[in-house]
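A closer look at the structure
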Amino acid sequence: AEIVSGEVDFEFWLNEIKSSLQNEKCRVAVNYLRSALVGWKRGAFIFIPVNSILSLISGHFSPVVGMIEKDEANGIEEDLIGVFDVNAEFGAYLVPARMLYGSIHVHDLTTGKSRAMVIVKNEGKLD
């Protein structure tokens with residue numbers, strides 16, 4: 001597995017995710033701050049579940065399922081990343097690449113480090 005830190009610059013990160021998604025032997029997962037992408041439900045601050053507090057500290061893991069690349073001629077003004085949120089309440093969604101990168105770049109409160117992207121490649125040993 002390769003770990004791509006959220007500390008890398010956006011262009012490097014974007015190239016890594018693009019090349020990984022184009023390789024059928026690769027799978028990508030991201031550790032990110034979900035609230036940066038989907039926000040908080042109305043009234044969430046009245047009663048914040050423990051797992052929501054933990055997500056602010058440790059982040060959230062979800063697989064990346066695809067990408068729609070920028071194509072201004074067809075009305076796609078920025079790269080969009082498909083995230084399959086493991087929380088069924090959110091499901092799958094498209095998010096602008098810069099927004100996803102920003103939610104990975106956010107520092108974890110316990111370690112002071114950014115979150116990361118994990119790229120796993122099947123080298124043929126499981127066939």
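Quantities reported herein were computed from a predicted structural model and do not represent experimental measurements. (Residues numbered from 1 in each chain as written. Predicted model: local features only at pLDDT ≥ 70, side-chain atom pairs only at ≥ 80, totals over all residues. Heavy atoms only, no water.)

Inspection of the entire model under this criterion finds 3 aromatic pairs. With centroids separated by 5.5 Å and ring planes inclined at 75°, the aromatic side chains of Phe-10 and Tyr-101 adopt a geometry described as edge-to-face. Of the two residues, Phe-10 sits in helix H1 (residues 10–22) while Tyr-101 sits in helix H4 (residues 97–105), which places them 91 residues apart along the sequence. The residues Phe-10 and Tyr-101 share a single accessibility class, namely buried. A ring pair is formed by Trp-13 and Tyr-101, whose centres lie 5.6 Å apart and whose planes are at 55°; its orientation type is tilted. In this pair, Trp-13 is assigned in helix H1 and Tyr-101 in helix H4, connecting sequence segments 88 residues apart. Take Trp-13 and Tyr-101: they sit in the same class, and that class is buried. Here the aromatic residues Phe-10, Trp-13 and Tyr-101 are joined through ring pairs into a cluster of three or more. (Phe/Tyr/Trp six-rings, centres within 6.5 Å; stacked < 30°, edge-to-face > 60°. Helix = DSSP H or I, 4+ residues; strand = E, 2+ residues; numbered from the N terminus. Buried < 20%, exposed > 50% of the residue type's maximum accessible area, 1.4 Å probe, protein only.)

The next subject is the environment of Ser-5. In this structure, Ser-5 sits in strand S1 (residues 2–5). Taking relative accessible area as the criterion, Ser-5 reaches 27% and is therefore assigned partly exposed. Separated by 110 residues in the primary sequence, Ser-5 and Arg-115 have C-alpha atoms spaced 6.4 Å apart. For Ser-5, the contacting residues outside a window of four places in its chain are Ser-114, Arg-115 and Ala-116. Of note is the side chain of Ser-5, whose polar atom sits 2.9 Å from the backbone nitrogen of Glu-7. Side chain to side chain, Ser-5 and Ser-114 meet in a polar contact 3.3 Å long. (Contact = heavy atoms within 4.5 Å. Polar contact = N/O pair within 3.5 Å; in protein donor to acceptor, adjacent residues only side chain to side chain.)

With that out of the way, let us pick up the side chain of Ser-114. Assignment of secondary structure puts Ser-114 in the loop between H4 and strand S6 (116–121). According to the relative accessible area criterion, Ser-114 is buried, its value standing at 14%. In contact with Ser-114, not counting residues within four places along its chain, are Ser-5, Gly-6, Glu-7, Ile-104, His-105, Val-106 and His-107.

Next up on the list: H1. Taking 1.5 Å of rise per residue, the 13 residues of H1 would be expected to cover 18 Å, and the 18 Å separating its terminal C-alpha atoms lies within 8% of that figure. Tucked into the core, H1 has its buried residues touching S1, strand S2 (26–32), strand S3 (60–68), strand S4 (80–84), H4 and S6. (Expected span 1.5 Å × (residues − 1).)

Right, let's get into the pairing of S3. Bridge count for S2 against S3 is 5 bridges, and the pairing is antiparallel. Counted as the bridge partner of Val-30 is Ser-62 from S3. Here S3 runs beside S4; their pairing, made up of 4 bridges, is antiparallel. Paired with Val-64 across the bridge in S4 is Val-83. (Pairing = 2+ DSSP bridges.)

Bringing the packing of H1 against H4 into the picture now. Where H1 contacts H4, the axes come no closer than 11 Å and their chain directions differ by 110°. Of the possible angle classes, the one that applies to H1 and H4 is roughly perpendicular. For the pair formed by H1 and H4, the contact residues are Phe-10, Glu-11, Trp-13 and Leu-14 on the first element and Ala-97, Arg-98, Leu-100, Tyr-101 and Ile-104 on the second. The residue makeup of the contact of H1 with H4, split by class, is 7 nonpolar, no polar and 2 charged. (Axes fitted to C-alpha atoms, helices over the stretch in contact; angles between N-to-C directions. Parallel < 35°, antiparallel > 145°, perpendicular 65-115°, else oblique. Nonpolar A, V, L, I, M, F, W, Y, C, P; charged D, E, K, R; others polar.)

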